[in-house]
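What follows is the residue order along each chain.
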Amino acid sequence: MIRPAPLLAAIFLSLAPPVGAFSPVLPTDNEALFRGKSDDFYMFTDRDFEGRKTFPWDGGTYGFSRGPERLGGRIVLTKFHEGIDIRPVRRDAAGEPLDDVRAIEGGKVVHASHEPRDSNYGKYVVVEHTVENTPVFSIYAHLAEVDVVPGRQVQRGERIGRLGHTGAGIDRRRAHLHLEIAVLWNDGYEHWHNTHFTQPNKHGIYNGMNLMGLDVADFYLQQRRNPSLTLPQFVSGQETFFRVRIPDSPHFQLPRRYPWLVQGDIAGARSWLVSFTSAGFPVSIESSPESTGEPLVEWVRPSKIPHAKATRSLLDGLPGQPRLGDSGHKLMQLLSVDPAPEPPAAGGM
Ligand SMILES: [Zn+2]
């Protein structure tokens, strides 16, 4: 009689992700990330710095990967890229990319934007996933074709569109999939948008400015090494670059939406000490009994780079004297914006 090999079964089980866990697959056939072939995985950017044109693949990575500036004696990348740019692996004779784009994990399509000019993302899709009962989003941008409509449930690996080059600052040569894994800032996005922009918001709460992307390639790589790694565990391992104390308010939704970010008691909080990465992704939120009237920067990691350049202007100020910068003030407003402000009182009697 042939018996199943229990040891092999045990090894297989230990490599499989826990049932119901957020365990994404790559969104296209390009798997060079897992072979360590970064230049085959990432789409290059066009760099023109001090009269020299280059095409660095690392411009397609997440983080401060763009916008070189000479600061003091060093060249510092100051422009933030919120996702990863994945190269196509198949093109037709005319050079048009043919790669299928697939949902990285099961979930529900919540937004599909078909008009390329409505966003820098071009045609894009947002899928909502459930991670420890909280909403986490994947964003697929610059698509040539969108196959899905909002409300559709998709399986992990199911086709949702075709890779393309729609959107701002991209052409056929640089066709790629821009992928993000993101958390949502605030349901009141529309109100915040209308106070800061004259162009109407065509994407509801799924505007890219309301979705904050994490270091997606690092998550794939870490989870490949450790299949039981959860997304909340990954986030808690990110490096804190600065902390802001934020007054409590019913409109500060982040700790309510993502309890896995929270340390301490939600009910007793009068303010929240929020730890952010240098790009502004929230790493943790600590409940505090102290009051504060307005958001205040409490700490920043010492760095030779000016605060504004190291944090895409989330912070500003002299070394050792950090304060919120332009983008930081706007972000703090968004984090606590009232989704349904009182209409102005009707005038006259
Ligand atoms: Zn991109």
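Quick caveat: nothing in here was measured; it's all calculated off a predicted structure. (Residues numbered from 1 in each chain as written. Predicted model: local features only at pLDDT ≥ 70, side-chain atom pairs only at ≥ 80, totals over all residues. Heavy atoms only, no water.)

**As for the domain arrangement of the chain**
Here comes step 1: Taken domain by domain, the chain consists of domain 1 (32-219) and domain 2 (238-335).
Here comes step 2: The gap between the C-alpha centroids of domain 1 and domain 2 is 25 Å.
Here comes step 3: Tallying the contact residues gives 29 residues for domain 1 and 26 residues for domain 2.
Here comes step 4: Summing both partners gives a buried area of about 2300 Å² for domain 1 against domain 2, and 66% of it is carried by carbon and sulfur.
Here comes step 5: Sorting the residues of domain 1 by area buried against domain 2 places Phe64, Trp185 and Trp192 first, and these three jointly supply 28% of that buried surface.
Here comes step 6: The shortest N-O distance in the salt bridge between Asp187 and Arg257 comes to 3.1 Å.
Here comes step 7: The interface formed by domain 1 and domain 2 includes 12 residue pairs in polar contact (both at pLDDT 80 or more).
Here comes step 8: Put simply, the parts of the chain that give the side of domain 1 that touches domain 2 at least two residues each are β3 (63-71), β4 (74-81), β9 (134-146), β12 (177-184), α3 (189-196) and β13 (211-213).
Here comes step 9: Residues belonging to the side of domain 1 that touches domain 2 are distributed by class as follows: 17 nonpolar, six polar and six charged. (Domains from an automatic or database assignment. Contact = heavy atoms within 4.5 Å. Buried area = accessible area lost by both parts, 1.4 Å probe. Salt bridge = Lys/Arg side-chain N within 4 Å of Asp/Glu carboxyl O. Polar contact = N/O pair within 3.5 Å; in protein donor to acceptor, adjacent residues only side chain to side chain. Helix = DSSP H or I, 4+ residues; strand = E, 2+ residues; numbered from the N terminus. Nonpolar A, V, L, I, M, F, W, Y, C, P; charged D, E, K, R; others polar.)

**Observations regarding the nonpolar core**
Here comes step 1: Formed by 83 residues in total, the largest nonpolar core has its most connected members in Ile84, Val125, Tyr140, Leu214, Tyr258, Phe276 and Leu335.
Here comes step 2: A total of seven residues in this core trace back to one element, the largest contributor, which is β9.
Here comes step 3: Mapping this core onto the domain boundaries places at least three of its residues in each of domain 1 (32-219) and domain 2 (238-335).
Here comes step 4: Sequence-distant contacts of Ile84, that is, excluding residues within four places in its chain, are made with Phe41, Tyr42, Gly60, Tyr62, Leu177, His178, Leu179, Val216 and Ala217. (Core = buried A, V, L, I, M, F, W, Y, C linked by side-chain atoms within 4.5 Å. Buried < 20%, exposed > 50% of the residue type's maximum accessible area, 1.4 Å probe, protein only.)

**Some remarks on the sheet that holds strand β17 (residues 282-288)**
Here comes step 1: On the basis of which strands lie adjacent, the open sheet formed by five strands has the order β15-β17-β16-β14-β18 and mixed pairing. Each of the sheet's edge strands pairs with one partner strand only, and the pair in question is β15 (262-263) and β18 (296-300).
Here comes step 2: In this structure, strand β16 (residues 271-276) lies alongside β17, joined through six bridges in antiparallel fashion. The residue bridging Phe276 from the neighbouring strand is Pro282, located in β17. (Pairing = 2+ DSSP bridges.)

**Looking at the environment of Gly59**
Here comes step 1: When you line up the elements, Gly59 lands in the loop between β2 (52-54) and β3.
Here comes step 2: For the pair Gly59 and Arg156, spaced 97 residues apart in sequence, the C-alpha separation works out to 28 Å.
Here comes step 3: Once you skip the residues sitting within four places of it in the chain, Gly59 turns out to touch Thr45, Ser65, Arg66 and His81.

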